[in-house]
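Report on the structure
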Amino acid sequence: MVELQQVSKRFRGRAGEVIALAEVDLHVAPGEFVVVRGPSGSGKTTLLLALGGMLRPTGGKVLVNGVDVYALTERERARFRGENIGFVFQMFHLVPYLTVLENVALAATAGRTSTVWAAAGELLGRLGLSPRERHLPSELSAGERQRVAVSRALLNHPKLVLADEPTGNLDPDNAAEVFEGLAVFHRRGGTVVVVTHGTTADHHANRIVHLRDGRIDGGSGEKRMA
Amino acid sequence: MRTLGLIVREALYRKLSFGLGLLGVAAAVALFVFFFTAGEASRRETARLTRNMGLNLRIIPKDTDMDRFWLVGFSDRTMPEDYVHRLAAHSGLNYSHLLPTLKRRMQWRGTEVILVGTLPEMSAVDRQESPMTLAAKPGAAWLGYELARRFGVEKNDTIDLLGKTLTVAGTLPESGSEQDASIFAQLHDVQAMVKTEGAINEIQALNCVCFDTDRDALEVLREQLASALPDAKVLQIRPIADAREKQRRLVEDYLAVIIPFIVVVCAAWLGVLAMMNVRERRCEIGILRALGYGSGTVASLFLGRAAVVGIVGGALGFAVGTALALTYGPQVFKVTGQAIRPMYALLVWSVLAAPAFAGLAAVIPTMLAVTQDPAVTLRDT
C-alpha cells in the first residue's frame, strides 16, 4: 500500500540545516492501522506529509498503491490525493464559511452533486453529526469539528487515511470517538497511518512505529500488535 | 461546489473584510473618477480664463505702412472682407475666433473717436467655438466707457454718426484702453458709412494652443497665413499670447502628472488589498489543495474573488466619484463646472481596470501559494 524508500527531508533555516527525515524506509501493508509515535521534532508530521504527497522529500521515493507520488505532475498529484488519500489534521482545517455538510462535500472534486450531498449526510450521520449539518465550524465543539474532518477525509472512499495528531486538541472522550471513526474505516479494509503523542490509538493499531531524530527507531522501534 | 458559489459564501461570511475590500476599491476608483471628471472642468476653465485675456493676433494687409500703423493704431490699407471666409475655410490652422474688423478715426460731437465695425466671430471650419466678443446688430452701436460717460449716453439712446442714426445697444465697462474712446457697430453699417463696401482692414484672432510643436508659435502662424492669405501678414500681441500659452501648458502639464500619479496610487492600493486577502486565506489554499483541488481551480477562486470585488467596487467607485465631481466641481469651477457631465467611458474603464489591477495584484501571492507544497502553505498559516 505505502512504501517509503530512503526518504529524507532537510529544511534550511537561519540556524542552519535541519534533518527532519534521514533515509527512512517504511512499508505499510494494505488494511494496516499504523501509529507513528515519537517526541516533538522527531519528524513524525514531516513523514506523514511526505507520505501523503503534501511535502516533497529531499531524497528517496514515496510509493502509494505502486504509484511514485512525486513523479506525478502537481496537477496529477492533487488528483491522486483527492482520489486515494484522506487527511485529518490536528487543527481540523475546516473552511470557516461553509456549513458542516458543505465542508464534507467539499472533498468531492468530481461526481454528481446529489450523490455527494447524500454521501456527506450519511457520513455525518454515522459520526453522530446529523443535527449539526447546517452549522458553521465555529458553532461546533473541538470534538465535533474533528469528527467533521474525519467525515471529510472519508467521503471519497480513500484507500488510505493519514491523521496528524487528530486528538491533540481533544479530551479523552472526544479522542476516543475520533479514533473509533478511523477504526470503523480500518475495519472495512482501509489503511490508516496516525501520528500521535498519546496512547489512545494504540488498541486500534496493528503496529506502532517509533521515530527519533528523523529515523525509525530500529529493533524495538517497531512493535507488532496482536 | 462551484467557484462562484464559494466566492459568494466567503464574501457573506467575511462581510467586514469583503466590505472593506469593496470600499477600498470603490474609494480608489472614486478618487480617480473625481479627479479625471473634475480635471476636464479644470482644463476647460483654464481655457476659458486664458481666452478671456483677449484676442492676441492681428491680421492686416501685407502692404501696411507699419510706422503709421503703430502711430494710428490700425492699418490705413484694406483687404477684401472675403479674406475672413477664406481663412475660416482652411483646416488645420492655429487661428481661432476670427473677427473681421474695419476701423476708422473720425470726429463725433467734437471729439476724435475710433469707429469699429465688426461681424460676429467666425470659427475655423474644423472647430466649434463659443464667441468671445459681443457683436453689434445692424442699426445698433456699443459705446466705449469714456464716450458714454462724457456725453451721458445710455442704453436705447440714439446717436447720429456720418449721417446714420444708430440705437445704443449698451455701454462698455472701463477697460483702460482705446476701447474706452471707441464706438462699435455692425461691419456692414460701418462699411456703408465710410464708403468702403466689402472691405476690412484687420482680422483679429486668437492663436489656438492646440497643435504641439517645438517651433516658435509666431513662425508657425506666419507660415500658415502665407498659404491661406498671401496678401496679409500677422502680428502677435506677445504678452497676452505668452501668458495664455504658459498658463494653458502649466495646467496641462500639472494634469499630465497628477492623473498618472492618481492611477498609480489607486492601482497600488487595489494591489495591496488583493494581496492582503490572499495572505489572509493561505490556509484555505492549503486545505483545498490537500483535498485534491488543482492549483488552477484554487487560483481561479482567489482571482475570481478579486474580479468580483473589482467589478462591483469599480462600478460603485464610478458612481461615487461622478457624484462628487457633479456636486463639488461647480463650486470650484464657477463657469465650466456647470458643464461637468458623467464620463461614461470612465465607467467602462473602471469596471475593466479595477478587476484587472486587483486580479494582477492577487496573481503573485496566489501563484506563490498554489505552487508551494500544500504542507508549506498550511504550516505558514
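Residues numbered from 1 in each chain as written. Chains lettered and ligands numbered in written order. Predicted model: local features only at pLDDT ≥ 70, side-chain atom pairs only at ≥ 80, totals over all residues. Heavy atoms only, no water.

**Regarding the overall build of chain A**
Looking only at helices and strands, one finds six helices and 11 strands in chain A. For 226 residues, the compact-globule formula gives about 17 Å, and the C-alpha radius of gyration of chain A, at 17 Å, lands near that figure. Viewed in the frame of its principal axes, chain A has a C-alpha envelope of about 45 × 40 × 40 Å. Of all 226 residues assigned to chain A, the portion counted as buried reaches 55%. (Helix = DSSP H or I, 4+ residues; strand = E, 2+ residues; numbered from the N terminus. Rg over C-alpha atoms; globule rule 2.2 N^0.38 Å. Buried < 20%, exposed > 50% of the residue type's maximum accessible area, 1.4 Å probe, protein only.)

**Some points on the packing of aromatic side chains**
The description of two aromatic rings rests on the distance between their centres and on the angle between their planes. Residues and elements named next belong to chain B. This model, assessed by the stated rule, comprises seven aromatic pairs over all chains. A ring pair is formed by Phe 34 and Phe 35, whose centres lie 6.0 Å apart and whose planes are at 90°; its orientation type is edge-to-face. A residue is classified by how much of its surface remains accessible, and Phe 34, at 25% relative accessible area, is partly exposed. Between Phe 69 and Trp 70, the ring centres sit 4.9 Å apart and the planes meet at 80°, which makes this aromatic pair edge-to-face. On the accessibility criterion, Phe 69 (0% relative accessible area) is buried. (Phe/Tyr/Trp six-rings, centres within 6.5 Å; stacked < 30°, edge-to-face > 60°.)

**Remarks on the sheet that holds strand β3 (residues 95-108) of chain B**
Residues and elements named next belong to chain B. Overall, mixed pairing links the nine strands, which are arranged β6-β7-β5-β8-β4-β3-β10-β1-β11 in an open sheet. Each having just a single partner strand, β6 (158-161) and β11 (232-236) make up the two edges of the open sheet. When the angles between neighbouring strand axes are averaged without regard to direction, this sheet yields 35°. Looking at chain direction, strand β1 (residues 57-61) and strand β10 (residues 202-207) are connected through three bridges and run antiparallel. Across the sheet, Ile 59 pairs through a bridge with Ile 203, a residue of β10. Taken strand by strand, helix α4 (residues 82-89) contacts β1, β3 and β10, and its axis lies near 165° from that of β3. Along the sheet, helix α7 (residues 217-228) makes contact with β1, β3, β10 and β11, crossing β11 at roughly 160°. (Pairing = 2+ DSSP bridges. Axes fitted to C-alpha atoms, helices over the stretch in contact; angles between N-to-C directions. Contact = heavy atoms within 4.5 Å.)

**Considerations on the nonpolar core**
The biggest cluster of nonpolar side chains holds 95 residues, and the ones touching the most others in it are Leu4(A) and Leu160(A). Excluding anything up to four places from it in sequence, Leu4(A) contacts Val24(A), Asp25(A), Leu26(A), Leu47(A), Leu51(A), Lys61(A) and Val62(A). If you look at the next biggest cluster of nonpolar residues, it comprises 40 residues, including Leu93(B), Trp108(B), Leu147(B) and Leu221(B). (Core = buried A, V, L, I, M, F, W, Y, C linked by side-chain atoms within 4.5 Å.)

**Describing the domain arrangement of chain B**
One can read the domain layout of chain B as domain 1 (3-49 + 247-379) and domain 2 (57-236). Taking the mean C-alpha position of each, domain 1 of chain B and domain 2 of chain B sit 53 Å from one another. (Domains from an automatic or database assignment.)

**Points about the pairing of strand β8 (residues 182-186) of chain B**
Residue and element names in this part refer to chain B. Counting buried residues along β8, five of its five residues qualify, which places the element largely inside the surrounding structure. Note that strand β4 (residues 111-118) and β8 share five bridges and pair parallel. Bridging across to β8, Val 116 finds its partner in Phe 184. Two strands pair when backbone bridges link them, and strand β5 (residues 140-143) and β8 are joined in this way by three bridges, in the antiparallel orientation. Bridging from a neighbouring strand, Trp 142 pairs with Phe 184 of β8.

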